[in-house]
Amino acid sequence: NFLKAMLDNIQDGIIACDAKGKLTVFNTTLQKNLKPNLYPKYAIELMEHFSLHHMDGTLLKVEELPLKRALEGEQ
């Protein structure tokens, strides 16, 4: 309960997932930034929801995300 209360009061979205990509931690701040009624079960669903960009402003493809690459076995 203490950890959940602490995570839910942090102003940044926080997730954690297991080795298969299933979400194990999902805080309130992140939920507030999602489409209504979107309750993802897997990290890939979140990666596809947000538009992430490289420092130069170009779109970051889902395949380029470190989490996606790690879930596919890359070290």
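Residues numbered from 1 in each chain as written. Predicted model: local features only at pLDDT ≥ 70, side-chain atom pairs only at ≥ 80, totals over all residues. Heavy atoms only, no water.

### Here we look at the overall build of the chain
Phase 1 of the analysis: A count of helical and extended segments in the chain gives four helices and two strands.
Phase 2 of the analysis: For the chain, the sequential pattern of α-helices and β-strands runs α-β-β-α-α-α.
Phase 3 of the analysis: Dimensions of the chain along its principal axes, counting C-alpha atoms only, are 35 × 25 × 25 Å.
Phase 4 of the analysis: For the chain, buried positions account for 21% of its 75 residues.
Phase 5 of the analysis: Taking the intrachain contacts of the chain between residues at least 6 apart in sequence as the baseline, contacts between residues at least 24 apart amount to 13%.
Phase 6 of the analysis: One finds the centroid of the 9 positive side-chain charges in the chain at a distance of 7 Å from the centroid of its 10 negative side-chain charges. (Helix = DSSP H or I, 4+ residues; strand = E, 2+ residues; numbered from the N terminus. Buried < 20%, exposed > 50% of the residue type's maximum accessible area, 1.4 Å probe, protein only. Contact = heavy atoms within 4.5 Å. Lys, Arg positive; Asp, Glu negative; His and termini not counted. Charge placed at Lys NZ, Arg CZ, Asp CG, Glu CD.)

### Brief notes about the environment of Leu71
Phase 1 of the analysis: Structurally, Leu71 is set in helix H4 (residues 66–71).
Phase 2 of the analysis: Taking the C-alpha atoms as reference points, Leu71 and Cys17, 54 residues apart in sequence, are found 9.8 Å from one another.
Phase 3 of the analysis: Filtering out sequence-adjacent residues up to four positions away, Leu71 remains in contact with Asp18, Ala19, Lys20, Gly21 and Met47.

### Quick notes on the nonpolar core
Phase 1 of the analysis: Counting nine residues, the largest nonpolar core is built from Leu23, Leu30, Leu34, Ala43, Leu46, Met47, Leu60, Val62 and Leu65.
Phase 2 of the analysis: Looking at which element gives the most residues to this core, the answer is helix H3 (residues 43–49), with three residues. (Core = buried A, V, L, I, M, F, W, Y, C linked by side-chain atoms within 4.5 Å.)

### Remarks on the pattern of salt bridges
Phase 1 of the analysis: Applying the stated criterion across every chain yields a total of three salt bridges.
Phase 2 of the analysis: We note a salt bridge from Asp8 to Lys4, for which the minimum N-O separation is 2.6 Å. One end of the pair is Asp8 and the other is Lys4, both in helix H1 (residues 2–8) and four residues apart, which spans about a single turn.
Phase 3 of the analysis: As a salt-bridge pair, Lys68 and Glu72 come within 2.9 Å of each other at their nearest N and O atoms. (Salt bridge = Lys/Arg side-chain N within 4 Å of Asp/Glu carboxyl O.)

### Considering the confidence of the model for the chain
Phase 1 of the analysis: Residues of the chain with pLDDT of at least 70 account for 100%, and the chain-wide mean is 84.
Phase 2 of the analysis: Mean pLDDT values for the elements of the chain range from 77 in H3 up to 91 in H1. (pLDDT = per-residue confidence, 0-100.)

### Structural notes on the pairing of strand S2 (residues 23–26)
Phase 1 of the analysis: With three bridges connecting them, strand S1 (residues 15–17) and S2 associate as antiparallel partners. Paired with Cys17 across the bridge in S2 is Leu23.
Phase 2 of the analysis: Linking two consecutive strands that pair antiparallel, namely S1 and S2, is a turn of five residues; a positive phi of about 90 degrees is found at Gly21 within it. (Pairing = 2+ DSSP bridges.)

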